[in-house]
Amino acid sequence: MELGRLEYLQALVTEFQVTDSTGNKRRCSLALSVSSVSSYTRTFSFSLVEAKEQVLANLANFAYDPSNYEYLRQLQVLDLFLDMLTEDNETLVEFAMGGLCNLCLDKTNKEYILEANGVEPIINCLSSSNEETVVSAVTTLMFLTTPRSRAQTTALPVVECMLRFSLSANTRLSNLASIFLQDYCSPPQVEEARNLSKHTAVGIPLPKD
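Here the structure is a predicted model, which is why all the values come from computation and not from measurement. (Residues numbered from 1 in each chain as written. Predicted model: local features only at pLDDT ≥ 70, side-chain atom pairs only at ≥ 80, totals over all residues. Heavy atoms only, no water.)

Enquirer: Before we move on, could you go through the confidence of the model for the chain and cite the residues and values that matter?
Expert: Summarising the model, the chain shows a mean pLDDT of 85, and 80% of its residues fall at 70 or more. Low pLDDT, under 50, characterises residues 22-45; the predicted model gives this stretch nine contacts beyond four residues in sequence or across chains. (pLDDT = per-residue confidence, 0-100. Contact = heavy atoms within 4.5 Å.)

Enquirer: Run through the pattern of salt bridges, naming residues and quoting values.
Expert: If you walk through the whole model with that rule in mind, you get six salt bridges. Across the salt bridge formed by Arg148 and Glu115, the nearest N and O atoms sit 3.5 Å from each other. Placement of Arg148 in the loop between helix H8 (131-144) and helix H9 (150-153) and of Glu115 in helix H6 (residues 107-115) is noted, with a sequence separation of 33 residues between them. As far as burial versus exposure is concerned, Arg148 and Glu115 are alike and both exposed. In this structure, the salt-bridge partner of Arg172 is Glu131, at a minimum N-O distance of 3.2 Å. Of the two residues, Arg172 sits in helix H11 (residues 171-184) while Glu131 sits in helix H8, which places them 41 residues apart along the sequence. The exposure class assigned to Glu131 is buried, which follows from its relative accessible area of 16%. Overlapping salt bridges, with partners in common, bring together Glu131, Glu132 and Arg172 in one network. (Salt bridge = Lys/Arg side-chain N within 4 Å of Asp/Glu carboxyl O. Helix = DSSP H or I, 4+ residues; strand = E, 2+ residues; numbered from the N terminus. Buried < 20%, exposed > 50% of the residue type's maximum accessible area, 1.4 Å probe, protein only.)

Enquirer: Which residues make up the nonpolar core, and what values go with them?
Expert: In terms of nonpolar packing, the biggest core is built from 54 residues, with Phe81, Leu85, Leu126, Val138, Met162 and Phe165 touching the most fellow members. Ranked by residue count, the leading element in this core is H8, at seven residues. Taken together, domain 1 (1-16 + 46-136) and domain 2 (155-200) each give at least three residues to this core, which thus spans both. When neighbours within four sequence positions are excluded, Phe81 is seen to be in contact with Leu56, Leu59, Ala60, Ala63, Ala96, Gly99, Leu100 and Leu103. (Core = buried A, V, L, I, M, F, W, Y, C linked by side-chain atoms within 4.5 Å. Domains from an automatic or database assignment.)

Enquirer: I'd like to hear about H6, residue by residue, with values.
Expert: Looking only at H6, the buried set comprises Asn109, Ile113 and Leu114. With its buried residues spanning 135° around the axis, H6 presents them on a single face. Residues Lys107 and Glu115 are exposed on H6 and point more than 90 degrees away from its buried face. On its buried side, H6 packs onto helix H3 (69-74), helix H4 (77-84), helix H5 (90-103), helix H7 (119-124) and H8. N-cap assignment for H6: the residue whose side-chain oxygen lies 3.1 Å from the backbone N of Thr108 is Asp106. Asn117, located one to two residues past H6, shows a positive phi value of around 60°. (Arc of directions from axis to C-beta. Polar contact = N/O pair within 3.5 Å; in protein donor to acceptor, adjacent residues only side chain to side chain.)

So this is what it looks like as structure tokens:
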């Protein structure tokens, strides 16, 4: 990087925020657009979405390097990732979930996510139809499990979901779910979830292959 590491990451965060602000303003103006320029405005809006996705993907990639952790905390990127988990855009959710998965290996980041009530939106990502999002969410729940957080990360609905995933034809997902059940859940938890759900877990769709 020609710029310092912090300055480069700051530039990415600023670009994301500016793109988001511009996109919001543009969406407001679309309602006023006449038909003769509707094609142009759709193209413009689409390019803004792609720009947001690219910047978020870059931030998620930088979250893989522990030397960036302190800078990412300073720039509040953990909050940015958590905020993106509730977006309608599945690609943004995927990259944000991947970024959190990379970051929560660090003890300080893990504690921050837990204190920020990040477990609930991560659990909600288990119902995504995007395989990468679901895999990252399962892995992140593993990393976030501590004696203090275990009651939340292995709550009954989560265990029921893992039982369903363990039956998936998707080997990657079924293996990961099986590890979760074996290493992070107690036998009584698994038995209770099995008796309650009978492996149906209604309302929790499997991600698309």
